[in-house]
Amino acid sequence: MLSNVFARAKRMLLGRPLRSDAMGHQLLPKRIALPIFASDALSSVAYAPDEILLTLALAGSLAVMQSLWVGVFVALVLAVVVMSYRQTVRAYPSGGGDYEVVTKNLGRNWGLFVASALLVDYILTVAVSISSGAAYITTALPALHGHKLIIAVSLVVLLALVNLRGTKDAGGAFAIPTYIYICSILLMILVGLIEFFTGTLGQAPTAQYELTATPDHAEGLIGLGGVFLLMRAFSSGCAALTGVEAISNGVPMFKRPKSKNAATTLAILGAIAVTMMLSILLLARATGVKIVENPALQLTLNGAAVDAKTYIQPVIGQLAAAVFGNGSILFLLITAVTGLILVLAANTAFNGFPTLASVLSRDSFLPRQLYKRGDRLSYSNGILVLALAAIILIVAFEAETTRLIELYVVGVFISFTLSQFGMIRHWNRQLRTRQNGSERGRVLRSRAVNVIGFMMTSLVLLIVLMTKFTHGAWITLIMIALTFLVQLGIRRHYDTVRKQLHVEDWSEKRALPTRVRALVLVSSLSKASMRAIAAARSSHPSALELVSVVADEEEERRIREDWEQSAVPLPLTLLSSPYRDLTHVVLQYIRGLRHQSPREMLVVYMPRVLVHHWWENAMHNQMQERLRHALLTVPGVILTIVPWKLGEDDEVEGRQLVNDPFKTGEKPTRTPDESA
């Protein structure tokens, strides 16, 4: 009863499952891909100027006047990074992004390091975007003040549910608000610039206040401390670059021609983001916007310090008040859609994280549960992992954007820098091949772009580490290191399992002929499966049959090749599962056998791998457990679990297995799935 209620609720929330061959209908045109993949970078316009002004305000009014120049340098880096990634999507259209580029050109460990940085950065993207969006929502609706944490957690759960419905559904839901945001901000900029040049531009709500430098920056921008503060403001403003790399990870999700459409989307993203950020900084300077972390210490009014509880609106909110009037319809619209786009910005991570996690799972660096798509053809397990990790961060930092932003940017610039260096290696290898004049010229131009990109991103990374390390970047570096080590451990485990399950000599491992009849569920002819076959034959049933469930042609080809190579003299039955619902397909087949021969006893054999440590169970036998519970409900069916302990061959023969794939340099392959 409870399972039926859960299944109905799941269908209501997520919709009906989609067939595997419906994947082509989930591909995205540019108009939908832009709001899905670029919402993170576009939303950075809402808080990157805030972070620049917030940092410079520590040194007083004269320092804030330099905000536009800081923005110009950020825009320059953004333009170079966009051009660099246009090269990447053309050279590596398979969707691996920075991980694939670095792995192929710099080596596996460097690629895994980049992947770790990106995974952490995606989690931070959700935490920062959602927290910032919750702050804007409480600005628009003062009645919600004090409930920012609850709002932020609820928004993460809502985003996860929308993405679990599938990429195309999420894109359709997010496209309209994203375009409303772009149009409303551009309208505010256009009207603001017209008023600026005609001398009718109003003043920001905080223009009446005067900035006071903090004691640590009393000398303003003079000396080494001033240079350091400028660099810190620049590194905070570089948050505007986050999300650019997501398009390179999502190239396979574009409609054909995939690379061309991805490159065009990148160019559109860069043009809009640069225009919006520079225009906002210009208008902020013209309207006298002031934004500080501690109003009582940094702001004065007519020479007197202001109340510590003085509320300071975000930059876009103050500009909307100056251009359209505080409380006007357009002011409320811009405030609302800005908060909404900050929430939707997290959707970039909800596409990037599961896709990257699937690639890493394919290469055995993450649990294989993250590899396959769910009912709605989205990487549902990756979406759930991302949502849970982001909620933990949001709760830990109490949804405070200023505290979370200090952890940001480090991971993405690590991936930017190593990706640029990898692309330089790629073009150098291309230049060593025979090419005509035009092709060589194109490669030289592409390499030049990546050389400039590498130099700029390396400089930015150095500045970020220097200015943000003591403010929280060290936490990010620890998270990246832990993620890297965990993935190494997972990969080592899977390689050990793969080697121990591999059948070296088919003639020795083949099940001996008997009078056994049985139904054996297998997904590969590993050692565990061979033991189940032998156990079934030794029970002397009247017939014996191998049954395997396949979701696509690749799985069918693999199991047929294993079956033919093994020369096991048993018939193989393949059950098609276009919806990837293994349990339903197996139950339907077994019920059909019971209906045909109700007086016959049916014995189902299932291989099960026993691991050495309790925590390793999380990476094995999950599908088998669900199938086992389902088969126990079918009348007249006897279920036999045949265990196979990892390493038992070595224990019996007195060997000690030594397998470190990172020392042997073996190519990563997926471990044969021991479950049915």
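You'll find the structure just up there.
This write-up is about the structure you can find in this document.

Rules used throughout
Residues numbered from 1 in each chain as written. Predicted model: local features only at pLDDT ≥ 70, side-chain atom pairs only at ≥ 80, totals over all residues. Heavy atoms only, no water. Helix = DSSP H or I, 4+ residues; strand = E, 2+ residues; numbered from the N terminus. Buried < 20%, exposed > 50% of the residue type's maximum accessible area, 1.4 Å probe, protein only. Contact = heavy atoms within 4.5 Å. Areas by Shrake-Rupley, 256 points an atom, 1.4 Å probe, with all protein chains shown as cover. Pairing = 2+ DSSP bridges. Axes fitted to C-alpha atoms, helices over the stretch in contact; angles between N-to-C directions. Patch = residues over 30% accessible without salt bridge, like charges linked within 9 Å, V, L, I, M, F, W, Y side chains within 5 Å. Salt bridge = Lys/Arg side-chain N within 4 Å of Asp/Glu carboxyl O. Expected span 1.5 Å × (residues − 1). Phe/Tyr/Trp six-rings, centres within 6.5 Å; stacked < 30°, edge-to-face > 60°. Core = buried A, V, L, I, M, F, W, Y, C linked by side-chain atoms within 4.5 Å.

1. Description of the overall build of the protein chain
Right, so step 1: When helices and strands are counted, the protein chain shows 27 helices and 8 strands.
Right, so step 2: Across the 676 residues of the protein chain, 55% fall into the buried class.
Right, so step 3: Counting only contacts in the protein chain whose residues sit at least 6 apart along the sequence, the fraction spanning at least 24 positions is 81%.
Right, so step 4: By element, 62% of the accessible surface of the protein chain is carried by carbon and sulfur atoms, the whole surface being about 29,300 Å².

2. Observations regarding the sheet that holds strand S6 (residues 572–576)
Right, so step 1: With parallel pairing, the 5 strands of this open sheet are ordered in space as S6-S5-S4-S7-S8. Two strands lie at the open edges of the sheet, namely S6 and strand S8 (637–645), each paired on one side alone. Taken pair by pair, the neighbouring strands of this sheet meet at an average axis angle of 30 degrees, ignoring direction.
Right, so step 2: Bridge count between strand S4 (residues 519–521) and strand S5 (residues 545–550): 3 bridges; the pairing is parallel. Residue pairing in the sheet places Val520 in a bridge with Leu546 of S5.
Right, so step 3: Seen against the sheet, helix H23 (residues 553–566) touches S5 and S6 and runs at an angle of roughly 155 degrees to S5.

3. Remarks on a nonpolar patch on the surface
Right, so step 1: A cluster of nonpolar residues, Ile176, Ile180, Leu187, Leu330 and Leu333, forms a patch on the protein surface that exposes about 400 Å² of accessible area.
Right, so step 2: Of all elements in the fold, only helix H9 (167–198) and helix H15 (329–362) reach the threshold of two or more residues within the nonpolar patch.
Right, so step 3: No other element matches H9, which puts 3 residues into the nonpolar patch.
Right, so step 4: Note on placement: Ile176 falls in helix H9.
Right, so step 5: Looking at Ile176, the relative accessible area reads 57%, which means it is exposed.

4. A word on helix H22 (residues 527–538)
Right, so step 1: In a regular helix each residue adds 1.5 Å, so 12 residues correspond to 16 Å; H22 covers 16 Å between its end C-alpha atoms and thus fits that length.
Right, so step 2: Those residues of H22 not exposed but buried are Lys527, Ala528, Ser529, Met530, Ala532, Ile533, Ala536 and Arg537.
Right, so step 3: Where H22 ends, the next residue or the one after it, His540, has phi of about 60 degrees, a positive value.

5. Quick word on the sheet that holds strand S1 (residues 210–211)
Strands pair in a sheet through their backbones, by hydrogen bonds, and they do so in one of two ways: parallel or antiparallel.
Right, so step 1: Pairing is antiparallel in the open sheet, where 3 strands are placed in the order S1-S2-S3. The outermost strands of the open sheet, each flanked by one partner alone, are S1 and strand S3 (304–305).

6. Some remarks on helix H14 (residues 315–324)
Structurally, the α-helix is built with 3.6 residues per turn, so residues lying three or four positions apart point the same way.
Right, so step 1: The element H14 is extensively covered by neighbouring structure, given that 10 of its 10 residues are classed as buried.
Right, so step 2: Among the residues making up H14, those that are buried are Val315, Ile316, Gly317, Gln318, Leu319, Ala320, Ala321, Ala322, Val323 and Phe324.
Right, so step 3: At the C-terminal side of H14, Gly325 shows a positive phi close to 100 degrees.

7. Here's the deal with the packing of aromatic side chains
Right, so step 1: Taken as a whole and judged by the stated rule, the model has 6 aromatic pairs.
Right, so step 2: An angle of 80 degrees between the planes, with centres 6.3 Å apart, marks the rings of Phe113 and Phe484 as edge-to-face. In this pair, Phe113 is assigned in helix H7 (residues 108–140) and Phe484 in helix H20 (residues 473–501), connecting sequence segments 371 residues apart.
Right, so step 3: Classification of Phe113 as partly exposed rests on a relative accessible area of 26%.
Right, so step 4: For Phe484, a relative accessible area of 17% corresponds to the buried category.
Right, so step 5: The interplanar angle of 35 degrees and the centroid separation of 5.4 Å between the aromatic rings of Phe421 and Phe454 together place this pair among those described as tilted. One end of the pair, Phe421, is in helix H18 (residues 410–431); the other, Phe454, is in helix H19 (residues 437–468), with 33 residues separating them in the sequence.

8. Some remarks on the pairing of S6
Right, so step 1: Inspection of the sheet shows S5 paired to S6 by 5 bridges, in the parallel sense. Looking at the pairing, Ser548 lines up with Leu574 of S6.

9. Description of the pattern of salt bridges
Right, so step 1: This model, assessed by the stated rule, comprises 10 salt bridges.
Right, so step 2: Among the salt bridges present, the one from Arg498 reaches Asp495, with a minimum N-O distance of 3.4 Å. Of this pair, Arg498 and Asp495 both sit in helix H20, 3 residues apart, which is roughly one turn of the helix. Per residue, the accessibility class of Arg498 equals that of Asp495, and both read buried.
Right, so step 3: Salt-bridge contacts for Glu625 lead to Arg608; the nearest nitrogen and oxygen are separated by 2.6 Å.

10. Details of the side chain of Thr265
Right, so step 1: Checked against the element boundaries, Thr265 lands in helix H12 (residues 258–287).
Right, so step 2: Thr265 sits in the buried class, given a relative accessible area of 1%.
Right, so step 3: Thr265 has contacts with Lys30, Leu34, Ile247 and Phe254, leaving out every residue within four places of it along the chain.

11. As for the environment of Met466
Right, so step 1: You can see Met466 is positioned in helix H19.
Right, so step 2: The partly exposed category is assigned to Met466, whose relative accessible area is 40%.
Right, so step 3: C-alpha separation for the pair Met466 and Arg232, spaced 234 residues apart in sequence, amounts to 8.3 Å.
Right, so step 4: Apart from residues lying up to four places away in sequence, Met466 is in contact with Phe228 and Met231.

12. Side note on the nonpolar core
Right, so step 1: Counting 156 residues, the largest nonpolar core has Ile130, Val244, Phe350 and Phe413 as the members making the most contacts within it.
Right, so step 2: Not counting chain neighbours up to four residues away, the residues in contact with Phe413 comprise Val77, Cys238, Leu241, Thr457, Val460 and Leu461.

By themselves these figures say nothing about function.
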